[in-house]
Amino acid sequence: MSEKVELLYLQEEELIEAGILDMKECVNTMEEMFHLMGKGDYMLGGPNRNDHGLMLWFNKEEPFENIPKAGPDRRFMSLISYLGGEFDVIGNKWYGSNVENMDKGLPRSIHTFTLNDKETGAPLAIMAGNLVSSMRTGAVPGVVSKHLAKKDAKVLGAVGGGAINQSCIEAIVTSVSTLEKIVLFDINLEKGKQIANKLEQKLNLFVEVVDDMNRCIQQSDIVTVATSGKSKPEIKKDSIKPGALIILTGAADLSQEVYNHSRIVSDLWSMHKKWLEDGLSHPEGIASIRDWTMSGQLLELIHNGEYDDSAIDDIGDIISGQKTGRKSEDEVIICMTGGLPTEDVAWAYKVYQNALKNKIGTALPLWESSYLTK
């Protein structure tokens, strides 16, 4: 008897047909994923099962001419994980990133995603990964807002108007029914106005564009930060509204005073602490993670003995009922999201199942066992 292995190949257009842009469903999927994380029904890479992934660390100078050198947002990374529950599958996101891609008309990061059977290791699907990644990244702030925003949150502030923050905004609006307006700050004012028009049409919610970030922060009950570039947006303590929820999908510049007077929640704090371990083993030390990780500043304070991280909670523990959610309407909460590999697995699996159900994609034969005996 001859056994064969085949996988489902899904192009980006086919992923769209299979519902990958359904933000409401993506938010629900991320919520279920966090519930499983809180229960412990997952596995990330590394012996501690909490590694973000395996990354090629570039240096500014290399002994060989062709070895890639460090640059803005330049990295190659593999993010593998297992997610249990109804998913019960292993997946891996592989990507390269270079900010100079944008000068070539390419996305900053280019992703490929693979799902594998947990028993045989055989691939189930290989798919374009950019929409998987951007949708799950945007959906997470929606889940966080649902569980941690104050009850009467009316104003959503957005720092940065790029594609990722647009997804974050959509997810938060999908999850918080009390919102009355969006306040958008983008370093490019004219671009911000164009994005505001797009968001108003899509979300049917008024968008105010401001040219001063503090004006955005001061009036916002929920703040989503997702920017790129060398300069991190500085959020001052005096600008933060009582009861504000600040969600860092990208890095921000916060003072130690802000950290000391806020509650910190993360997607998975053990993963962030592994970044600290990796950074300390890098030739440049902790500076190697300070700028590109949203928790880099806080990790440095912890390393220097200036902050006690024992009170940091994971959102999965809150969703699964092991930890308390918002403790008061005046509590300021800062949530740091580093991007969990299980998020990609969860959303890719949902879209894969929908593609199978609707006969979307191309089945590709990989091998037959009879070939191996010849």
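Structure shown above.
All of the points below concern the structure found in this document. Within every chain, residues take consecutive numbers counted from 1 along the sequence as written. Residue-level local features of this predicted model are given only where pLDDT is at least 70; pairs of side-chain atoms are given and counted only at 80 or more, and the full residue set underlies all totals for whole chains, interfaces and linings. Hydrogens and waters are ignored; side-chain quantities use all the structure's heavy atoms.

### What about unusual backbone geometry?
Inference 1: Even without glycine at this site, Asp 88 takes up a positive phi of about 50°.
Inference 2: Of note, the phi angle at Asn 204 is positive, near 55°, even though the residue is not glycine.
Inference 3: Helical segments are the DSSP runs of H or I of at least four residues, strand segments are the runs of E of at least two, and each set is numbered from the N terminus. Among the structural elements, Asn 204 can be located in the loop between helix H5 (189-203) and strand S10 (206-210).
Inference 4: Each residue's exposure class comes from its accessible area (1.4 Å probe, protein chains only) as a fraction of the maximum for that residue type: buried when under 20%, exposed when over 50%, partly exposed otherwise. The exposed category is assigned to Asn 204, whose relative accessible area is 70%.

### Some details on the environment of Met 33
Inference 1: With respect to the helices, strands and loops of the structure, Met 33 is situated in helix H2 (residues 23-39).
Inference 2: Taking the C-alpha atoms as reference points, Met 33 and Ser 228, 195 residues apart in sequence, are found 27 Å from one another.
Inference 3: Every residue in contact with Met 33, bar those within four places of it in the chain, is listed here: Leu 83, Leu 340, Thr 342, Glu 343 and Ala 346. Any two residues whose heavy atoms approach within 4.5 Å are treated as being in contact.

### A look at the sheet that holds strand S8 (residues 155-159)
Inference 1: As summarised here, the arrangement of the eight strands in space is S10-S9-S8-S11-S13-S17-S15-S16, forming an open sheet in which the pairing is parallel. Across the chains shown, the open sheet's two edge strands, defined by having one partner strand only, are S10 and strand S16 (313-314).
Inference 2: Here four bridges tie strand S13 (residues 245-248) to strand S17 (residues 333-336), and the two strands are oriented parallel to one another. Bridging from a neighbouring strand, Leu 245 pairs with Ile 333 of S17.
Inference 3: Axis geometry follows a simple rule: fit a line to the C-alpha atoms, using only the stretch in contact for helices, then measure angles between N-to-C directions, giving values from 0 to 180 degrees. Sheet contacts for helix H3 (residues 130-148): strand S11 (222-225), S13, strand S15 (263-266) and S17; angle to S13, the most-contacted strand, approximately 160°. Any two strands between which DSSP finds at least two bridges are classified as paired.

### Considering helix H10 (residues 296-303)
Inference 1: Along H10, six of the eight residues are buried, which leaves the element largely enclosed by surrounding structure.
Inference 2: On its buried face, H10 sits against strand S14 (253-254), helix H7 (256-260), S15, helix H8 (269-280), helix H9 (287-290) and S17.
Inference 3: In the segment just after H10, Gly 305 is the residue with positive phi, at about 75°.

### Some words on the packing of aromatic side chains
Centre distance and the angle of the planes are the two values used to describe a pair of aromatic rings.
Inference 1: To pair, rings of Phe, Tyr and Trp, with the six-membered ring standing in for Trp, must have centres within 6.5 Å; the planes then decide the type, stacked if under 30 degrees apart, edge-to-face if over 60, and tilted in the middle. Here the structure, examined in full by the defined rule, presents five aromatic pairs.
Inference 2: Looking at Arg 74, its charged tip hangs above the ring of Phe 58, at a distance of 5.9 Å from the centre. Two conditions define a charge located above a ring, namely a distance within 6 Å from the ring centre to NZ of Lys or CZ of Arg, and an angle within 35 degrees of the ring normal.

### Let's talk about the packing of H2 against helix H4 (residues 163-175)
Inference 1: One way to put it is that H2 packs onto H4 with a least axis distance of 10 Å and a crossing angle of 80°. The pairing of H2 with H4 is recorded here as roughly perpendicular in orientation. Contact residues: H2 offers Met 23, Lys 24 and Val 27, while H4 offers Ser 167, Glu 170, Ala 171, Thr 174 and Ser 175. In what follows, roughly perpendicular refers to angles from 65 to 115 degrees, roughly parallel to angles under 35, roughly antiparallel to angles over 145, and oblique to any angle outside these ranges.

### What about the packing of H3 against helix H12 (residues 341-357)?
In a packed pair of helices, the relevant descriptors are the angle between the two axes and the axis-to-axis distance.
Inference 1: Interaxial distance between H3 and H12 falls to 9 Å at its minimum, and their mutual angle equals 110°. Overall, the two elements H3 and H12 adopt an arrangement that is roughly perpendicular. The crossing of H3 and H12 is right-handed. Two secondary-structure elements touch here, H3 through Val 132, Ser 133, Met 135, Arg 136 and Val 140 and H12 through Glu 343, Asp 344, Trp 347 and Ala 348.
Inference 2: Each residue is assigned to one class: nonpolar for Ala, Val, Leu, Ile, Met, Phe, Trp, Tyr, Cys and Pro, charged for Asp, Glu, Lys and Arg, and polar for all the others, Gly among them. Of the residues contributing to the contact of H3 with H12, the split by class is five nonpolar, one polar and three charged. For any helix crossing, the convention is left-handed if the near helix is rotated counterclockwise from the far helix by under a right angle, and right-handed if that rotation is clockwise.

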